[in-house]
Protein chains: 2
Amino acid sequence: MTKVNIKYLAAQLNMAPSTVSRALNDSYEISHATKAKVLALAKKLNYQPNPYARSLRAHSSKTIGVIIPERINNFFSQVIDGLESITQEYGYHLLVYNSHEDVEQEKKIISYLLGGRVDAIVMSVSSQTSDTQHLAQVQSQGIPIIFFDRIAQDIPTTKFTTNDFESGYLGTKHLLEQGCRKVFFLLLSKEITIGRERMKGYQKAIEESDLDFSEDWIIQCHQDENQNLELFKSLIYPIHRPDGIISSVEKLAITAYHAIRQTKLRIPEDIRLVSFSNMKIADLLQPPLTTISQPAHEIGVQCGQLLMKKLIKKNQPDLPNTLITIPSTIQVRTSSFLKP
Amino acid sequence: MTKVNIKYLAAQLNMAPSTVSRALNDSYEISHATKAKVLALAKKLNYQPNPYARSLRAHSSKTIGVIIPERINNFFSQVIDGLESITQEYGYHLLVYNSHEDVEQEKKIISYLLGGRVDAIVMSVSSQTSDTQHLAQVQSQGIPIIFFDRIAQDIPTTKFTTNDFESGYLGTKHLLEQGCRKVFFLLLSKEITIGRERMKGYQKAIEESDLDFSEDWIIQCHQDENQNLELFKSLIYPIHRPDGIISSVEKLAITAYHAIRQTKLRIPEDIRLVSFSNMKIADLLQPPLTTISQPAHEIGVQCGQLLMKKLIKKNQPDLPNTLITIPSTIQVRTSSFLKP
DNA sequence: ACAAGACACGGAAACGTTTCCACAATTAAA
DNA sequence: TTTAATTGTGGAAACGTTTCCGTGTCTTGT
């Protein structure tokens, strides 16, 4: 039960701690014989180096902080899986936090992470985040930060998104081609960039059509699911209801399904629906949901690769201030498609 | 850009590092005047204590390791959310790992975690895990470990599960009541405890009936989805196909939906289906899926509470070797229910 | 045979905290 | 007034690594 550390090994072997350390790290200045002895004892006693002593000494924690706005969401889980697939190869660990779409929570997490607990941060900002001062502070401490999906535009670093504008455009275009004359756009929050980009794509598609767009076609939704349900029901009940809906996030599409079902309307006969979503089982829904799905795993992988390149070697340049776009794919299913 | 640490603060204030440290920790032996001065400068220079120096000194990392067999799964995400809701109150951090249902991966993760990187481990074992020697080693190092859902029975510690036996029994009973005469049980792996428990419940329900059970009603599934799909199609194609299926995990139920759809059979008319699942949108499936769903968030919360009680105070007793059961709830939907 | 380098290892400092121990200065008790 | 206790602070050690610097023993070339 006594902790087996380098000093203990050294004492057992009648060697200096420095020699043991070097042997364990396979240093060139240690003879094969000594290395063998050290490694044998280390294995026998099941020596495990203390990561904190190491971190303290090396000023690097081999840990990456990941902040996501919600955990119960396939998209984020896939991104983290992708990220982990890269980072674990290099012996990095993932500290994962859920901001619950709450800026205050986000700030709190960031403040935990300052002070060297992580070597870098990978995050998707909360939908409430407009002021990015707390994020700028991360950079000023010299901690690399990468944004994905929901990015903070004014922080100079690498950001990964999908082709949100284009996808919003294509998704809307698709609805118009199906004969929709009144297409609503479900927006989670004006703050988040992807919402805005997707909305702009939507707006462009609408502008190119001959429909007389009205501002109230863009639905600002709440965080609360029940509020959204009531809102949607009120929107689709009247005679002026939409015949098409494009949802910028999966959660809202789910609620839309519920609302439409409760009002006894039919998808796609009465209302056609398209949603951004990374749901695996979109094809099992009633009816199967037309999705615009993001290459989540790939995003995670690319975040990981970029980060490892930066962290593994010393004196690497800062992460370039660029926006990397990985295209989404639209998968047309029954929810938007009326067979002739 | 020079790191602001305690020594630096002390130099600026013309005090000893020990005084500064005590002031920051609000020690009773420091005067109010000094505390005020120190705190003011610390705030001004945005001092952040180095967590690794602290951990090294205190032999505690304020970090908990979480190991799950898959990330893209609502159940595990909910558990982690519940766990985090407790641990973050106490300033604990979560290091999350995905074992991808692979024992070797699991062992590797465990070995990372030994050596003090985490103060405790919360995990659900992989479906391949039968030998638990690597898990026993964790305890021998004095690191508390808690299992949930998929537990390692022979490790003496607290384990959280749901009433798997009972749920398996009730789910099967429900199918029998719907008139099923041949009910298959989908098993992910014989190794995992919950699979076994659920299966035993199934077996009891079958035994109590007048059906002539055959061992091949229990379907050992693969890890690979496509293999399962082919397997299921071969099982439901012949005339001796089942008229009821109970799936011990969500993933297999999804594949069963696909298989049944591809063979042009109907749920529930031809085959009635029940599954253990924490899917949020079971009611939106075609047809809505009858689920036995676990109180995932609550499991996480209870893991967290137990762990915090153990970790916050010194010299707490070991975690009791008990099995805590939190009941699942069955939600009957169309997939298993034939309206008269 | 002797200087010069290579080789193998030991000693000690450093990373940033916390805490044990010591010690003045002040206050309370005798 | 002397002694004892209290209060506020400083010095230094310790946590477990890694690494800088030093040093002694061998080899090698001249």
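Just so it is clear, the structure is predicted and the values come from calculations on it, not from any experiment. (Residues numbered from 1 in each chain as written. Chains lettered and ligands numbered in written order. Predicted model: local features only at pLDDT ≥ 70, side-chain atom pairs only at ≥ 80, totals over all residues. Heavy atoms only, no water.)

Asks: Whenever I open this one, the environment of Leu 252 of chain A confuses me. Can you help?
Replies: Residues and elements named next belong to chain A. By the secondary structure assignment, Leu 252 is in helix H11 (residues 250-262). Leu 252 sits in the buried class, given a relative accessible area of 1%. For the pair Leu 252 and Tyr 112, spaced 140 residues apart in sequence, the C-alpha separation works out to 32 Å. Once residues within four sequence positions are removed from consideration, Leu 252 is found in contact with Leu 186, Leu 187, Leu 188, Cys 221, Asn 228, Phe 232 and Ser 247. (Helix = DSSP H or I, 4+ residues; strand = E, 2+ residues; numbered from the N terminus. Buried < 20%, exposed > 50% of the residue type's maximum accessible area, 1.4 Å probe, protein only. Contact = heavy atoms within 4.5 Å.)

Asks: Please explain the domain arrangement of chain A as it appears in this structure.
Replies: By convention, interface size is frequently given as the accessible area that disappears when the constituent parts associate. Residues and elements named next belong to chain A. Looking at chain A, the domain boundaries give domain 1 (6-49), domain 2 (57-162 + 296-328) and domain 3 (164-294 + 330-336). Once you take the C-alpha centre of each, domain 2 and domain 3 turn out to be 29 Å apart. Each side of the interface is counted separately: domain 2 has 18 residues, and domain 3 has 19 residues. For the pair domain 2 and domain 3, the summed buried surface comes to about 1500 Å²; carbon and sulfur atoms form 45% of the total. Ranking the residues of domain 2 by area buried against domain 3 places Ser 127, Thr 162 and Ser 328 at the top, with a combined share of 34%. Here Arg 198 ties to Asp 149 by a salt bridge, and the two come within 3.8 Å at their closest N and O atoms. Counting across the interface, domain 2 meets domain 3 through eight residue pairs in polar contact (both at pLDDT 80 or more). (Domains from an automatic or database assignment. Buried area = accessible area lost by both parts, 1.4 Å probe. Salt bridge = Lys/Arg side-chain N within 4 Å of Asp/Glu carboxyl O. Polar contact = N/O pair within 3.5 Å; in protein donor to acceptor, adjacent residues only side chain to side chain.)

Asks: What is the right way to read the protein's contact with DNA strand C from this model?
Replies: Around DNA strand C, the surrounding shell holds 27 residues, and the nearest of these are Thr 19, Arg 22 and Thr 34 of chain A together with Ile 6 and Arg 57 of chain B. Of everything in DNA strand C that lies within 4 Å of the protein, sugar and phosphate atoms constitute 63%. Within the side chain of Thr 34 of chain A, one N or O atom sits 2.5 Å away from a phosphate oxygen of DNA strand C. Put simply, the parts of the chain that give the surface near DNA strand C at least two residues each are helix H2 (17-24) and helix H4 (51-58) of chain A together with helix H1 (6-13), helix H2 (17-24) and helix H4 (51-58) of chain B. (Near = heavy atom within 4 Å.)

Asks: I tried to follow the packing of aromatic side chains on my own but got confused; where do I start?
Replies: Two aromatic rings are characterised by how far apart their centres lie and by the angle between their planes. All chains considered together, the criterion is met by 13 aromatic pairs over all chains. On the basis of an interplanar angle of 45° and a centroid distance of 6.3 Å, the ring pair of Phe 75 of chain A and Phe 148 of chain A is categorised as tilted. Residue Phe 75 of chain A is located in helix H5 (residues 74-87), and its partner Phe 148 of chain A is located in strand E4 (residues 145-148); the two are separated by 73 residues in the primary sequence. Here the aromatic residues Phe 185, Tyr 202, Phe 213 and Trp 217 of chain A are joined through ring pairs into a cluster of three or more. The ring centre of Phe 276 of chain A lies 3.9 Å from the NZ or CZ of Arg 198 of chain A, which sits over that ring. Lying across the ring of Tyr 169 of chain B, Lys 204 of chain B places its NZ or CZ 4.9 Å from the centre. (Phe/Tyr/Trp six-rings, centres within 6.5 Å; stacked < 30°, edge-to-face > 60°. Lys NZ or Arg CZ within 6 Å of the ring centre and 35° of its normal.)

Asks: Quick question: what am I supposed to make of the sheet that holds strand E8 (residues 244-247) of chain B here?
Replies: Adjacent strands of a sheet form backbone hydrogen bonds with each other and so pair up, either parallel or antiparallel. All names here are of chain B. Read across the sheet, six strands follow the order E7-E6-E8-E9-E10-E12 without closing on themselves; strand pairing throughout is mixed. Looking at the sheet topology across the chains shown, the edges are occupied by strand E7 (218-220) and strand E12 (329-331). Ignoring which end each strand starts from, the neighbouring axes of this sheet average 20° apart. Here helix H8 (residues 164-177) sits on the sheet in contact with strand E6 (183-187), E8, strand E9 (272-276), strand E10 (290-293) and E12, set at roughly 170° to E9. Strand contacts of helix H10 (residues 225-236): E6 and E7, with the helix running at about 155° to E7, the strand carrying the most contacts. (Pairing = 2+ DSSP bridges. Axes fitted to C-alpha atoms, helices over the stretch in contact; angles between N-to-C directions.)

Asks: It is not clear to me how the UniProt feature "domain: HTH lacI-type" (unreviewed entry) in chain A should be interpreted in this structure. Could you clarify?
Replies: Following the UniProt record, one finds the feature "domain: HTH lacI-type" (unreviewed entry) at residues 4-58 of chain A. Structurally, residues 4-58 of chain A comprises 67% helix and 0% strand, and the distance from its first C-alpha atom to its last is 21 Å. (UniProt positions renumbered as here; feature names shortened; annotations may be inferred.)

Asks: What's the story with the interface of chain A and chain B in this structure? I'm lost.
Replies: Counting from both sides, the interface comprises 51 residues of chain A and, opposite them, 51 residues of chain B. Across the interface of chain A and chain B, roughly 4900 Å² is buried in total on both sides, 53% from carbon and sulfur atoms. Its largest share of buried area at the contact with chain B, chain A owes to Tyr 52, Ile 72 and Leu 284 of chain A, together 17% of the area lost on that side. Linking chain A to chain B there are four salt bridges. For Arg 71 of chain B, the salt bridge identified is with Asp 81 of chain A, shortest N-O distance 2.9 Å. Between the two partners, chain A and chain B, sit 26 residue pairs in polar contact (both at pLDDT 80 or more). When contributions to the side of chain A that touches chain B are tallied by element, the ones reaching two or more residues are H4, H5, strand E2 (93-98), helix H6 (103-113), helix H7 (133-140) and H11 of chain A. Considering only residue class, the side of chain A that touches chain B consists of 21 nonpolar, 23 polar and seven charged. (Nonpolar A, V, L, I, M, F, W, Y, C, P; charged D, E, K, R; others polar.)

Asks: Explanation requested: the protein's contact with DNA strand D in the structure shown.
Replies: Within the structure, DNA strand D sits among 27 residues, and Ile 6, Tyr 47 and Arg 57 of chain A together with Thr 19 and Thr 34 of chain B are positioned closest to it. For DNA strand D, the fraction of atoms within 4 Å of the protein that belong to sugar or phosphate moieties is 60%. Here a phosphate oxygen of DNA strand D and a side-chain polar atom of Arg 54 of chain A are 3.0 Å apart. Mapped onto the surface near DNA strand D, the elements with two or more residues apiece are helix H1 (6-13), H2 and H4 of chain A together with H2 and H4 of chain B.

Asks: For this particular structure, what's the right way to read the side chain of Thr 87 of chain A?
Replies: By the secondary structure assignment, Thr 87 of chain A is in helix H5. Residues contacting Thr 87 of chain A, with those up to four places away along its chain left out, are Ile 64, Tyr 92, Leu 94 and Met 308 of chain A.

Asks: How do you make sense of the pairing of E6 of chain B when you look at a structure like this?
Replies: Both faces of the sheet carry side chains from a regular strand, because those side chains alternate between them. Residues and elements named next belong to chain B. By the criterion of burial, E6 is predominantly enclosed, with five of the five residues buried. Side chains Val 183, Phe 185 and Leu 187 project from E6 onto one buried face, and the interleaved Phe 184 and Leu 186 project onto a second face that is buried too. The sheet contact formed by E6 and E7 spans three bridges and is parallel. If you follow Leu 187 over to E7, its bridge partner there is Gln 220. Between the parallel elements E6 and E7, the chain passes through helix H9 (residues 193-208) in a crossover that is right-handed. (Right-handed = clockwise from strand over helix to strand, strands pointing away.)

Asks: Can you help me understand the packing of H10 of chain B against helix H11 (residues 250-262) of chain B in this one?
Replies: Two quantities define a packed helix pair, namely the angle between the axes and the distance from one axis to the other. Residues and elements named next belong to chain B. At a minimum axis separation of 9 Å, H10 and H11 run at an interaxial angle of 50°. By the angle between their directions, the pair H10 and H11 is classed as oblique. Two packed elements cross with a definite hand, and for H10 against H11 that hand is right-handed. Across from Glu 225, Asn 228, Leu 229, Phe 232, Lys 233 and Ile 236 in H10, the residues of H11 making contact are Leu 252, Thr 255, Ala 256, His 258, Ala 259, Ile 260 and Gln 262. Taken together, the residues of the contact of H10 with H11 sort by class into seven nonpolar, four polar and two charged. (Parallel < 35°, antiparallel > 145°, perpendicular 65-115°, else oblique. Left-handed = near helix turned anticlockwise from the far one by under 90°.)

Asks: Is there a simple way to explain the packing of helix H5 (residues 74-87) of chain B against helix H12 (residues 296-312) of chain B in this structure?
Replies: Residues and elements named next belong to chain B. Where H5 contacts H12, the axes come no closer than 7 Å and their chain directions differ by 35°. The way H5 lies across H12 gives a crossing that is right-handed. For the pair formed by H5 and H12, the contact residues are Phe 75, Gln 78, Val 79, Asp 81, Gly 82, Leu 83, Ser 85, Ile 86 and Thr 87 on the first element and Ala 296, His 297, Ile 299, Gly 300, Val 301, Cys 303, Gly 304, Gln 305 and Met 308 on the second.

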